[in-house]
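Notes for the structure review
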Amino acid sequence: MAGAHTKASEVPAEFDETRARMVIARLAHLEGALLPILHELSHEFGYVDIRNVPLLAEALNISRADVHGTISFYHDFKTAPQGRHVLKLCRAEACQSMGCESLVAHLAATHHLAPGETTPDRALSVETVYCLGNCALSPAAMLDGELIGRLDHDQLDQIVLDATGMRS
Amino acid sequence: MTTKIFVPRDAAALSMGADKVAEALATQARQRGLDVRIIRNGSRGMLWLEPLVEVETTQGRVAYGPVRASDVASLFEAGFLSGGDHRLGHGLTEKIPFLARQQRLTFARCGVTDPLSLDDYKAHGGFEGLAKAMALTPAAIVEAVTQSGLRGRGGAAFPTGIKWRTAMNAVADQKYIVCNADEGDSGTYADRMIMEGDPFSLIEGMAIAGLATGATRGYIYIRSEYPHAFGVINEAIRSAESAGIIGKAIMGKGPAFHLEARLGAGAYICGEETSLLDSLEGKRGQVRAKPPLPAISGLFGKPTVINNVISFTSVPWIMAHGASAYADYGMGRSRGTLPVQLAGNIKFGGLFETAFGISLRTLVEELGGGTHSGRPLRAVQIGGPLGAYHPAHQLDTILDYEALAAIKGMVGHGGIVVFDDSVDMARQARFAMEFCAVESCGKCTPCRIGARRGVEVIDKMIAGDHRAENRALLEDLCTLMTDGSLCAMGGLTPLPVMSALTHFPEDFDKPAMPLAAE
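Residues numbered from 1 in each chain as written. Chains lettered and ligands numbered in written order. Predicted model: local features only at pLDDT ≥ 70, side-chain atom pairs only at ≥ 80, totals over all residues. Heavy atoms only, no water.

Thoughts on the overall build of chain A
Each helix and strand in chain A was counted, giving 7 helices and 4 strands. The N-to-C order of helical and strand elements in chain A reads α-α-α-α-β-α-α-β-β-β-α. Oriented by its inertia axes, the alpha-carbon framework of chain A measures out at about 50 × 35 × 25 Å. Counting only residues that meet the buried cut, chain A has 54% of its 168 residues in that class. Relative to all contacts within chain A whose residues are 6 or more apart in sequence, the contacts with residues 24 or more apart total 66%. As displayed, chain A offers around 7,400 Å² of accessible surface, 53% of which is attributable to carbon and sulfur atoms. Taking the 13 positively charged and 22 negatively charged side chains of chain A as two groups, their mean positions are separated by 4 Å. (Helix = DSSP H or I, 4+ residues; strand = E, 2+ residues; numbered from the N terminus. Buried < 20%, exposed > 50% of the residue type's maximum accessible area, 1.4 Å probe, protein only. Contact = heavy atoms within 4.5 Å. Areas by Shrake-Rupley, 256 points an atom, 1.4 Å probe, with all protein chains shown as cover. Lys, Arg positive; Asp, Glu negative; His and termini not counted. Charge placed at Lys NZ, Arg CZ, Asp CG, Glu CD.)

If you want it as structure tokens, here you go:
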């Protein structure tokens with residue numbers, strides 16, 4: 001099932017209620033506003049802080065349970081900050097046929113990083129994704145929204161080095 | 001004289017460095033004092049050639065590919081601006097066999113035009129279908145779509161005309177047109193390609209659906225894995241609105257049609273039409289029980305036509321050229337064309353639009369060139385993660401809805417994923433169950449629990465634990481999931497599992513492997 005859950009102890013500090021309320025107010029008039037707002041909060045803060053839940057429930061006149069249920073259903077909505085760079089590795093059938101699992105194994109063996117994890121310095125998060133629509137140029141990946149085709153071990157090494165080297 | 005150079009903006013081309021190529025072409029043309037205009041077109045669909053650079057010459061467009069930024073200098077030196085010979089040259093684009101052998105109706109403009117140029121779109125027959133529909137009654141539009149024989153291209157193959165008729169006849173203060181652009185099936189990219197390469201055709205198809213049913217609002221639900229398509233569609237909507245094609249009045253004189261693109265959030269199940277509707281409403285993307293049909297009670301409980309991208313983008317051609325012209329393509333109950341997507345371990349992967357009736361072998365071996373690895377082909381999976389695995393000896397099957405159903409497979413959204421002989425089919429069967437477990441919406445028990453039990457049972461079989469008994473258990477579980485699931489997710493997951501078991505039993509009978517999987 002979808003969704004990352006955050007323990008109370010992990011609640012991050014970057015949350016800004018005023019800014020969050022502004023984002024919500026700007027989009028609350030839309031039909032079916034919750035998903036567009038959650039995307040916008042993710043964009044604005046890098047994740048959806050659980051402290052948004054009561055604000056959303058109030059603004060959209062739905063229950064907190066409904067808001068929580070929606071956030072936790074979708075893979076995209078993270079309740080904790082991600083790495084500064086996000087690498088999505090496709091692990092669906094077309095990419096399997098071109099050896100995407102060997103990329104996952106390489107990432108673990110060489111960089112001690114598995115899908116679902118973030119490097120300790122928060123430079124890079126790696127996620128599993130099922131299909132990026134680049135199935136004739138597998139294995140595919142997406143780095144910070146940019147699609148990559150025919151990903152190989154060398155390129156993967158470079159991505160990890162660039163991401164972890166770019167930390168400020 | 002300005003020479004036109006085409007460098008695709010399609011995400012697949014970008015994934016192979018198209019932006020860098022475009023940049024290098026612009027820089028070096030400037031340095032050489034050459035007058036060029038770079039047009040960022042859609043993809044022609046010959047994806048193994050991406051980035052495919054085309055130059056407009058007096059003979060026609062000449063193709064070069066796959067071009068890397070480092071090849072650009074040598075292209076100029078070879079005189080590619082006048083179609084000069086180069087090791088990456090393929091001659092006239094239209095003469096490349098992979099393209100020349102297609103019957104491009106829906107994708108006729110894709111890769112040819114600037115996707116965001118309304119002038120280009122009109123110059124290539126755009127809005128002719130909408131103009132014809134404007135002169136017809138709703139019933140006559142629905143009749144044309146029905147007569148064309150168009151069936152839902154998303155995968156379920158339900159007759160599009162029947163959906164439209166039901167929504168047309170429903171009485172309500174508000175009706176909706178919803179486009180399912182949640183193309184989650186691995187091995188498919190036709191929706192993405194046409195949204196990026198010919199977005200106005202989707203807008204046109206949805207506007208025609210609006211005219212036919214009396215719906216004045218439309219939503220395009222695009223998966224978040226497709227940020228490029230989302231960007232192009234949004235731009236296209238804005239420009240169609242400011243040109244007065246949609247918005248307050250279709251083509252300035254018709255009824256209103258307001259269109260908005262919405263982003264999914266990474267949930268495969270939202271490709272199922274009723275969970276997509278719940279997702280659009282801002283809820284968990286859970287499947288609804290049918291009836292009521294969406295055409296009666298869909299988005300926000302209102303009558304809703306929900307169709308796949310390719311279903312909508314097929315409609316303008318049908319309206320412009322006539323239902324019978326479309327129905328003349330294809331065979332049996334599979335009318336018209338299908339954009340087949342060749343994917344996975346294949347040498348020449350790409351989109352091949354063709355009338356139904358072509359053989360799988362022609363597609364995979366002749367056009368696709370066999371495996372990318374050069375190893376023997378062992379299996380093809382057709383129709384995404386819920387589609388069956390077929391062994392090489394079934395490749396002589398004809399691609400149409402009924403012929404594939406007869407060998408316990410399905411066309412689905414038209415994706416064909418090729419596997420070479422290194423594939424372990426027990427692992428593929430396990431993955432089918434695992435994927436279902438990860439992506440199940442959780443509403444019905446056969447899918448939610450069945451998929452997890454399926455993974456466990458297959459793990460035991462791989463581990464050599466009571467293989468015969470577990471095989472019987474797996475077959476029983478598959479029957480239950482097929483018969484008892486609320487939607488195609490749980491209902492069709494048994495298809496890849498059972499096809500792997502039926503056609504590749506030897507892979508379930510290998511020396512025992514330890515239980516720890518992947």
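Brief notes about empty space enclosed by the protein
A water-sized probe, rolled over the atoms, reveals where empty space remains. Residue and element names in this part refer to chain B. In the structure shown here, the tally under the stated rule is 3 cavities of 30 Å³ or more. What the largest cavity holds in volume is close to 60 Å³. For the largest cavity, the full set of lining residues is Ile 269, Val 287, Ser 440, Cys 441, Gly 442, Lys 443, Cys 444, Cys 447, Leu 486, Cys 487, Met 489 and Gly 490. In terms of residue class, the lining of the largest cavity is built from 8 nonpolar, 3 polar and 1 charged. (1 Å grid on protein atoms, 1.4 Å probe; cavity = no way out; pocket = protein on both sides within 12 Å on 5 of 7 lines; lining within 4 Å. Points joined across faces, edges and corners; volume = space filled by probe spheres on them. Nonpolar A, V, L, I, M, F, W, Y, C, P; charged D, E, K, R; others polar.)

Quick notes on the pattern of salt bridges
Using the criterion set out here, one finds 40 salt bridges over all chains in the structure. Between A:Arg21 and A:Glu17 there is a salt bridge whose closest N-O contact spans 3.0 Å. Residue A:Arg21 and its partner A:Glu17 are both found in helix H1 (residues 17–27); the two are separated by 4 residues, about one turn of the helix. The salt bridge involving A:Glu127 is made with A:Lys78; its shortest N-O contact spans 3.6 Å. Here A:Glu127, found in strand E2 (residues 124–129), pairs with A:Lys78, found in the loop between helix H4 (64–73) and strand E1 (85–90); they are 49 residues apart in sequence, far enough to count as distant. Accessibility classification places A:Glu127 together with A:Lys78 in one group, the buried group. A single network of salt bridges, built from pairs that share partners, joins B:Arg44, B:Glu54, B:Arg61 and B:Glu94. (Salt bridge = Lys/Arg side-chain N within 4 Å of Asp/Glu carboxyl O.)

A short note on the sheet that holds strand E6 (residues 176–181) of chain B
Residue and element names in this part refer to chain B. The parallel open sheet is built from 4 strands, whose spatial order is E8-E7-E6-E9. Each edge of the open sheet is held by one strand with a lone partner, namely strand E8 (258–263) and strand E9 (304–308). For this sheet the average axis-to-axis angle between neighbouring strands, irrespective of direction, equals 20°. (Pairing = 2+ DSSP bridges. Axes fitted to C-alpha atoms, helices over the stretch in contact; angles between N-to-C directions.)

Points about helix H15 (residues 360–367) of chain B
All names here are of chain B. Residues Leu 360, Thr 362, Leu 363, Val 364 and Leu 367 constitute the buried set of H15. Contacts from the buried residues of H15 go to helix H4 (97–100), strand E12 (337–344), strand E13 (350–355), strand E14 (377–382), helix H16 (401–406) and strand E16 (415–420). Remark: Gly 369 follows H15 within two positions and exhibits a positive phi of approximately 75°.

Re the domain arrangement of chain A
One frequently used descriptor of interface size is the decrease in accessible area upon assembly of the parts. All names here are of chain A. If you check the domain split of chain A, you get domain 1 (1–82) and domain 2 (83–164). On a C-alpha basis, the centroid separation for the pair domain 1 and domain 2 is 26 Å. Taken together, the contact pairs 4 residues of domain 1 with 7 residues of domain 2. Buried area between domain 1 and domain 2, both sides added, is near 350 Å², and the carbon and sulfur share of it is 40%. When residues of domain 1 are sorted by the area they lose upon contact with domain 2, Lys 78, Pro 81 and Gln 82 head the list and together hold 90% of the total. (Domains from an automatic or database assignment. Buried area = accessible area lost by both parts, 1.4 Å probe.)

Some remarks on the nonpolar core
Counting 156 residues, the largest nonpolar core has B:Trp164 and B:Ile220 as its most contacted members. If near-sequence neighbours (up to four positions away) are discounted, B:Trp164 is found in contact with B:Ile141, B:Val142, B:Val145, B:Gly205, B:Ile208, B:Ala209, B:Ala212, B:Thr213, B:Val305, B:Asn307, B:Phe312 and B:Val315. (Core = buried A, V, L, I, M, F, W, Y, C linked by side-chain atoms within 4.5 Å.)

Digging into the interface of chain A and chain B
The interface of chain A with chain B comprises 41 residues on the first partner and 66 residues on the second. Counting the surface lost from both chain A and chain B, the interface buries some 3,900 Å², and carbon and sulfur atoms represent 55% of this. Taken together, the links from chain A to chain B amount to 1 salt bridge. Among the salt bridges present, the one from B:Arg217 reaches A:Glu31, with a minimum N-O distance of 3.7 Å. On inspection of chain A and its partner chain B, the count reaches 27 residue pairs in polar contact (both at pLDDT 80 or more). For the side of chain A that touches chain B, the secondary structure elements donating two or more residues are helix H2 (34–45), H4, helix H5 (93–96) and strand E4 (146–148) of chain A. Its residues assigned to classes, the side of chain A that touches chain B shows 22 nonpolar, 12 polar and 7 charged. (Polar contact = N/O pair within 3.5 Å; in protein donor to acceptor, adjacent residues only side chain to side chain.)

Section: the environment of A:Ser63
Following the sequence through the fold, A:Ser63 ends up in the loop between helix H3 (52–60) and H4. Sequence separation between A:Ser63 and A:Glu17 is 46 residues, and the spatial gap between their C-alpha atoms is 19 Å.

Digging into the environment of B:Tyr389
By the element assignment, B:Tyr389 lies in strand E15 (residues 389–391). Once the C-alpha coordinates of B:Tyr389 and B:Met498 are considered, the two residues, 109 residues apart in sequence, prove to be 8.8 Å apart. Other than its neighbours up to four places away in sequence, B:Tyr389 contacts A:Glu93, B:Val380, B:Gln381, B:Phe419, B:Met425, B:Gln428, B:Pro496, B:Ser499, B:His503 and B:Phe504.

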